[in-house]
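# What the coordinates show
Chain by chain, the residues:
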Number of protein chains: 2
Amino acid sequence: MTLTLHLAAGTISMCVHAALEEAGLPHDLAWVDFGTGAQGQPNYLKVNPKGRVPALEIDGAVLTEAPALLEWVAEAGGGALMPRDPLEAAHVREMMSYLASTVHVNHAHKMRGHRWTDDPAAQAAMRAGVPGTMTASARFLDARLRGDWVGPDFSVADLHLWNITRWMPGDGVDMDAVPALRAHHDRVAARPAVARVIALHEAAA
Amino acid sequence: MTLTLHLAAGTISMCVHAALEEAGLPHDLAWVDFGTGAQGQPNYLKVNPKGRVPALEIDGAVLTEAPALLEWVAEAGGGALMPRDPLEAAHVREMMSYLASTVHVNHAHKMRGHRWTDDPAAQAAMRAGVPGTMTASARFLDARLRGDWVGPDFSVADLHLWNITRWMPGDGVDMDAVPALRAHHDRVAARPAVARVIALHEAAA
């Protein structure tokens, strides 16, 4: 099986990158330079017409969307990164869906307001709202965390959560007010596979 | 197993309701009246602190987020509503994630701009952008559809897609320009289980 991950430094593609490392699946990296807008250029749109990362080529077929990729990687890696119990798996999917469709979307209103309006004043209003929406999400997540991990064991949802928590200080969240979430972030970041990924993204930034 | 679905007429809870009907799983319905803001009242926040629908009580435990619920219902119903092949399942999850985190979010900028800003002018700008963003999503989906269904067979992703396509005429999408998507919508709506759900939601509206 040949795997090529299309990714950009510091973006949500980090968690899929980390999942590949955690799962021990050999893969190639194809960096997409957001600085030059490469995600909107014809070469990349041939890979992913949505113009976003991550995208994973699996023997030439393209799969997109972080939650779908994370679960595919978990399964391809032998299943250790997803709970086997159906209700526990459902709660891991619930977390990933909330992260993708609420928390990541809140964050996107800082730099990607152009997705929803061309009006610069409205984009500025969206940007101004980000500390409030991200703080509300952070508090919800902080209250949701019970043990070390989202599920009974470490899973791909922890990588997804870590990736988005990593953005929170820059989004105006006071991390002192969400100690369980901060401890979760640090616990994930300390894993050797994740530390390797962080180093690669910092070098590529 | 006792199942209670918390839902509101015409919302994204419709697809989970339809999945329960398709799967033949007995369930109770607990309607949440968005007209009176019941989703934000203490009684409902005890069920789902996010103040949103759908929420499913499974022997008293609460599960939220449409993609997680759809896949749990598919599994509880015996598995016929999800592909068994891991890559096909991944593409079904990819569709549900795109619907939840991009298309549903585009739609939410019409009536739920208050999620991201208190500024009435910015909310109006968001609302004005909806026909454009929803048309772009509709065209992407129209080009994505190959056969009758999202996957090789009918799956929960078809219910999710039908639910969101149902909003598109009201969001300013010219359905004549997306014939494959319109045909998909009509194909799902004609299923007996889905027709029953539509009738219940129209009566509850």
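These remarks concern the structure in this document.

Cut-offs applied
- Residues numbered from 1 in each chain as written.
- Chains lettered and ligands numbered in written order.
- Predicted model: local features only at pLDDT ≥ 70, side-chain atom pairs only at ≥ 80, totals over all residues.
- Heavy atoms only, no water.
- Axes fitted to C-alpha atoms, helices over the stretch in contact; angles between N-to-C directions.
- Helix = DSSP H or I, 4+ residues; strand = E, 2+ residues; numbered from the N terminus.
- Left-handed = near helix turned anticlockwise from the far one by under 90°.
- Contact = heavy atoms within 4.5 Å.
- Pairing = 2+ DSSP bridges.
- Parallel < 35°, antiparallel > 145°, perpendicular 65-115°, else oblique.
- Nonpolar A, V, L, I, M, F, W, Y, C, P; charged D, E, K, R; others polar.
- Buried < 20%, exposed > 50% of the residue type's maximum accessible area, 1.4 Å probe, protein only.
- Buried area = accessible area lost by both parts, 1.4 Å probe.
- Salt bridge = Lys/Arg side-chain N within 4 Å of Asp/Glu carboxyl O.
- Polar contact = N/O pair within 3.5 Å; in protein donor to acceptor, adjacent residues only side chain to side chain.
- Phe/Tyr/Trp six-rings, centres within 6.5 Å; stacked < 30°, edge-to-face > 60°.
- Lys NZ or Arg CZ within 6 Å of the ring centre and 35° of its normal.

Right, let's get into the packing of helix α1 (residues 13-23) of chain A against helix α6 (residues 156-165) of chain A. All names here are of chain A. For the pair α1 and α6, the least separation of the axes is 8 Å and the interaxial angle reads 145 degrees. Relative to α6, the crossing made by α1 is right-handed. Together, S13, M14, C15, A18, A19 and E22 of α1 and V156, L159, H160, W162 and N163 of α6 make up the contact between the two elements.

Here the focus is the sheet that holds strand β1 (residues 3-7) of chain A. A sheet is described by the order of its strands in space; here four strands give the open sequence β2-β1-β3-β4 (chain A), paired in mixed fashion. Strands with a single pairing partner mark the edges of an open sheet, and in this sheet they are β2 (28-31) and β4 (61-64) of chain A. Along the sheet, successive strands turn relative to each other by an average axial angle of 25 degrees, direction set aside. Where β1 of chain A and β2 of chain A come together, four bridges link them in parallel fashion. Bridge pairing in β2 of chain A links T4 of chain A to D28 of chain A. Lying over the sheet, α1 of chain A contacts β1, β2 and β3 (55-58) of chain A, oriented at roughly 155 degrees with respect to β1 of chain A. With respect to the sheet, helix α4 (residues 86-111) of chain B is in contact with β3 and β4 of chain A, its orientation differing from that of β4 of chain A by roughly 45 degrees.

The geometry of a pair of packed helices is captured by two quantities: the angle between their axes and the separation between those axes. All names here are of chain A. Their axes nearest at 9 Å, the elements α1 and helix α3 (residues 66-76) cross at an angle of 5 degrees. Judged on the interaxial angle alone, α3 and α1 are roughly parallel. When α1 is examined against α3, the residues C15, V16, A19, L20 and A23 are found in contact with a partner set consisting of A66, L69, L70 and V73. Class assignment of the residues belonging to the contact of α1 with α3 gives a composition of nine nonpolar, no polar and no charged.

Helix α3 (residues 66-76) of chain B sits mainly inside the fold: nine of its eleven residues count as buried. Within α3 of chain B, burial applies to A66, P67, A68, L69, L70, E71, W72, V73 and A74 of chain B.

A word on the interface of chain A and chain B. Where the parts come together, the accessible area they lose is often given as the size of the interface. The interface of chain A with chain B comprises 37 residues on the first partner and 37 residues on the second. Around 3100 Å² of area is buried between chain A and chain B when both sides are counted, 64% of it from carbon and sulfur atoms. For chain A, the biggest contributors to the area lost against chain B are R93, E94 and W116 of chain A; these three give 17% of the whole. Inspection of the region where chain A meets chain B yields two salt bridges. The salt bridge involving R93 of chain B is made with E71 of chain A; its shortest N-O contact spans 3.3 Å. In this assembly, chain A and chain B are joined by nine residue pairs in polar contact (both at pLDDT 80 or more). For the side of chain A that touches chain B, the elements supplying multiple residues, two or more each, are β4, α3, α4 (86-111) and α5 (120-144) of chain A.

In the structure shown here, the tally under the stated rule is four aromatic pairs over all chains. For the pair Y98 of chain B and F140 of chain B, a centre-to-centre distance of 5.0 Å together with 55 degrees between the ring planes defines the contact as tilted. With a gap of 42 residues between them, Y98 of chain B in helix α4 and F140 of chain B in helix α5 (residues 120-144) connect regions that are remote in the sequence. Looking at F140 of chain B, the relative accessible area reads 23%, which means it is partly exposed. Here the aromatic rings of W149 of chain B and F154 of chain B are separated by 5.1 Å at their centres, their planes lie at 75 degrees, and the arrangement is edge-to-face. Across this residue pair, the class does not change: W149 of chain B and F154 of chain B are buried. Note that R191 of chain A overlies the ring of F154 of chain A, its terminal NZ or CZ placed 3.5 Å from the centroid.

Coordinates in, geometry out; function isn't part of it.
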